[in-house]
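The lines below spell out each chain.
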Amino acid sequence: MGFGLLLIGYFTATVMALNSFGGVFRLVGHIFICRGAKKLSQYNGSFLFLFYFSILSVIFSAFCAVGDVSAFLYNNLFIATPILNDGVTQSLVYLKIIFDFVLVALTCYGVRSISKETGAEKTLYTPVRNFIFYCIFCILQFVVWLGSYTKSDGLLEFISATALPIWMVIINLVCVLLNCVMLFSCYARICDVCDTEMPQKPSRFAFVNRIRAEKEEKRQKYIAEAEEYVNGLASSYSPEQQARAEAAERAKRKSKHK
C-alpha cells in the first residue's frame with residue numbers, strides 16, 4: 001500500500017541522517033516518503049497533504065544536501081569558500097525543525113484517518129500518543145534554543161540543572177522509535193483487499209519444517225470440520241423450512257426499509 005516506503009523513508013530521513021551528510025540522507029528519505037504518500041493517497045485522501053508536503057520537503061532537503069556537501073568540501077580544504085554562507089545554513093537548521101514537525105503531524109494525521117476507515121483499533125490511538133511525545137520534544141527544543149539565543153542566566157542555569165539537552169536527545173530517539181513502530185504496525189496490519197498471503201519459506205532446519213507441517217495439518221483439519229459442520233446445518237433444513245426462513249428474511253429487510 002505504501003507504508004513500507006513510508007517506513008524506509010522516515011527511517012532514512014531521521015536515523016540515517018545523523019551524520020555529516022545528513023542532508024543527502026534526508027533527500028533520499030523524503031523521496032521515499034513522497035512515493036509512499038502518493039500510493040497511500042489512493043486509499044485515503046488524508047495522505048494527499050503528506051504527499052504535497054513531501055514534494056516541498058524534497059526541494060528543501062536538496063538545499064540541505066548542497067549545504068552539507070559544501071561544508072564537507074570546505075572543512076577538508078577542497079574548496080576555498082562554502083556554497084552557502086553561515087546565515088543561510090543557520091536558517092536551514094530552523095526550517096528543518098519546522099519541516100520535521102509538520103512531517104510528523106501529517107503522518108500521524110494520515111495514519112489515524114486510515115485506521116478509522118479500516119477499523120484498525122490497535123493503530124487508532126498510536127498517532128495521538130506519538131504526536132504528544134513529539135510536541136514535548138519540540139517544547140524542550142524551543143526552551144534550549146531560547147536559552148542559547150537570549151543568553152538569560154536564569155534560563156541557562158535551569159537548562160543546565162535539569163539537563164534538558166540530554167532529555168531532549170532521549171525523547172527525540174523515543175519519538176523516532178515510536179513512529180517507526182507505528183509505521184511498521186500499519187504495514188503489518190493494514191493492507192489492500194487484493195493482497196494475498198505469501199507462502200511461508202521452508203526453514204533450513206528439519207524440525208522447524210515438521211512443526212510447521214503439523215500446525216498446517218491441524219489448521220486444514222479444522223477448516224474441513226468447520227465446512228462440514230456448516231454444510232450439515234444447511235442440509236438439515238427441509239425445502240419448506242428454507243423457504244420460510246428466506247421469506248422471514250425478506251420481511252425483515254422490507255420492515256427495515258420502511
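Residues numbered from 1 in each chain as written. Predicted model: local features only at pLDDT ≥ 70, side-chain atom pairs only at ≥ 80, totals over all residues. Heavy atoms only, no water.

### Re the environment of Leu 183
Locating Leu 183 in the fold gives a position in helix α7 (residues 164-189). Of the residues examined, Leu 183 reaches a relative accessible area of 1% and is grouped as buried. Filtering out sequence-adjacent residues up to four positions away, Leu 183 remains in contact with Phe 3, Leu 6, Leu 7, Tyr 10, Thr 107 and Val 111. (Helix = DSSP H or I, 4+ residues; strand = E, 2+ residues; numbered from the N terminus. Buried < 20%, exposed > 50% of the residue type's maximum accessible area, 1.4 Å probe, protein only. Contact = heavy atoms within 4.5 Å.)

### Structural notes on the packing of helix α1 (residues 3-14) against α7
Where α1 meets α7, the closest approach of the two axes is 8 Å, and the angle between their N-to-C directions is 165°. Taken together, the axes of α1 and α7 lie roughly antiparallel to each other. The two elements α1 and α7 meet at a crossing, and its hand is left-handed. Counted together, Phe 3, Gly 4, Leu 6, Leu 7, Tyr 10, Phe 11 and Thr 14 of α1 and Cys 175, Val 176, Asn 179, Cys 180, Leu 183, Phe 184, Cys 186 and Tyr 187 of α7 form the full contact between these two elements. The residue makeup of the contact of α1 with α7, split by class, is 12 nonpolar, 3 polar and no charged. (Axes fitted to C-alpha atoms, helices over the stretch in contact; angles between N-to-C directions. Parallel < 35°, antiparallel > 145°, perpendicular 65-115°, else oblique. Left-handed = near helix turned anticlockwise from the far one by under 90°. Nonpolar A, V, L, I, M, F, W, Y, C, P; charged D, E, K, R; others polar.)

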